[in-house]
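Read off the chains here:
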Amino acid sequence: MTNPTPHDTESTALLTDKYELTMLQASLRDGTADRRCAFEVFGRRLPNERRYGVVAGTARVLDAISRFRFTDEQLASLDFLDDATLEYLRDYRFTGDIDGYREGELYFPASPILTVRGTFAECVILETVILSILNADSAIASAAARMVTAAGGRPIIEMGSRRTHEEAAVTAARASYLAGFTATSNLEAAARYGIPASGTAAHSWTLLHTNPDGTPDEAGAFRAQVETLGLDTTLLVDTYDITAGVATAIEIAGPELGAVRIDSGDLGVLARQVRQQLDGLGAHNTRIVVSSDLDEFAIAALRAEPVDAYGVGTSVVTGSGAPTAGLVYKLVEVDGVPVAKRSRDKKSHGGAKAAVRACRRSGTAVEEIAYPLGTGVPDTGTLEAVGLTIPMMRGGELSDDLPTLEDGRDHLARALISLPWEGLALSRDEPVINVRFAGV
């Protein structure tokens, strides 16, 4: 699952909030630091009318916890802490246990996505790094999965690097690929996570080729691109006039041109016109790629059009308007005793939990059942109980045979098929599966 990157060895210890360390200091003073606790990651609701969420970023969380070590330089900056707390942090290593949903698993409101067990001191300071990764990655994967469903099997390329933070671009590409995107434009993501890279040319390439008299030389741009990248390249045909651009593209490359891309205008209308034009020129196998501010709704609207592939940028790296999954990290057990918040609209369910999904023989999911971690699986009657919770860390060490990124990608593809058909609707506001608590 971790897909380690040798160059990425820096400390993650300051990816935390100050209040976590002040709580640590207070717990060391009053003797509660060593109480055995369980913290749980869950969401109270699904954002943006979504009917399911996708767990993503778990492997990155485990890697971040493994690198959660305080350096001398970092400790020197924490001048608000007393000497005893600084000494504790100097030797800090997470030695607890982590269980949770694998990457690519679906989740719903109250699903026990991740359970972290250990002493209060060692668990409490991990809150921010865990949530910052899971909230961003799960939001992006959830949006991307909806886009993949809307595309109906047609490939989608992630191309949103220029629309977000440089490191967020890398992790967004990873979450999108987990959700079923076929490639990314981001080379760091390709190098770090083994994601296929894709890209040819932008409008600046066409604009660069201008005749001495100032007139466009679109043919020169296309010719140079084909000579460099081969006939299977994708030519961007909308810099000037799309109809003329398509004609020029086939004139230069011939009917075996790999693809043309449309990046503006009424994409549905233009795709039909371009398909008719390509077929009329004998370019029956030349694919049509569309881009330009696509989200799951725009992709769904294009399903009836002769579009072969999509390029998605802004909408996916921003989680299609939901840049956070809204996940929280709450204390649910102290010394084996369940604890829970009673706050209005922010109630929690006490106790460390595992979960199963109850499915019909056809594989269709019916409900999710959360039950006390370490106890027997609850009775599901005639329904099949599919386990959701797997061990991820034991005694601070990664569990053996954790799923890889490719495993998570394959798992999500199967999980989406298990949803009732109405669960894939884009404009409902209730979760398709409810979570029931048994023995909790």
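Residues numbered from 1 in each chain as written. Predicted model: local features only at pLDDT ≥ 70, side-chain atom pairs only at ≥ 80, totals over all residues. Heavy atoms only, no water.

S.K.: Give a description of helix H1 (residues 18-30) that names residues and reports values.
M.R.: Its 13 residues place the ends of H1 19 Å apart at the C-alpha level, agreeing with the 18 Å of an ideal helix rising 1.5 Å per residue. Every buried residue of H1 is listed here: Glu20, Leu21, Leu24, Gln25 and Ser27. One face of H1 carries all of its buried residues, which in axial projection span an arc of 165°. Opposite the buried face of H1, by more than 90 degrees, sit the exposed residues Lys18, Arg29 and Asp30. After H1 finishes, the residue Gly31 shows a positive phi value of roughly 85°. (Helix = DSSP H or I, 4+ residues; strand = E, 2+ residues; numbered from the N terminus. Expected span 1.5 Å × (residues − 1). Buried < 20%, exposed > 50% of the residue type's maximum accessible area, 1.4 Å probe, protein only. Arc of directions from axis to C-beta.)

S.K.: Describe in detail the pairing of strand S11 (residues 309-312), supporting the description with residues and values.
M.R.: Of the two faces of S11, the one holding Ala309 and Gly311 and the one holding Tyr310 and Val312 are both buried throughout. Bridge analysis of strand S6 (residues 156-158) against S11 gives three bridges, and the strand direction is parallel. If you follow Ile157 over to S11, its bridge partner there is Gly311. Relative to S11, strand S10 (residues 287-290) runs parallel, the two sharing two bridges. Bridge pairing in S11 places Val290 opposite Tyr310. You can see the chain leave S10, run along helix H13 (residues 296-301) and come back into S11, and the turn it takes is right-handed. (Pairing = 2+ DSSP bridges. Right-handed = clockwise from strand over helix to strand, strands pointing away.)

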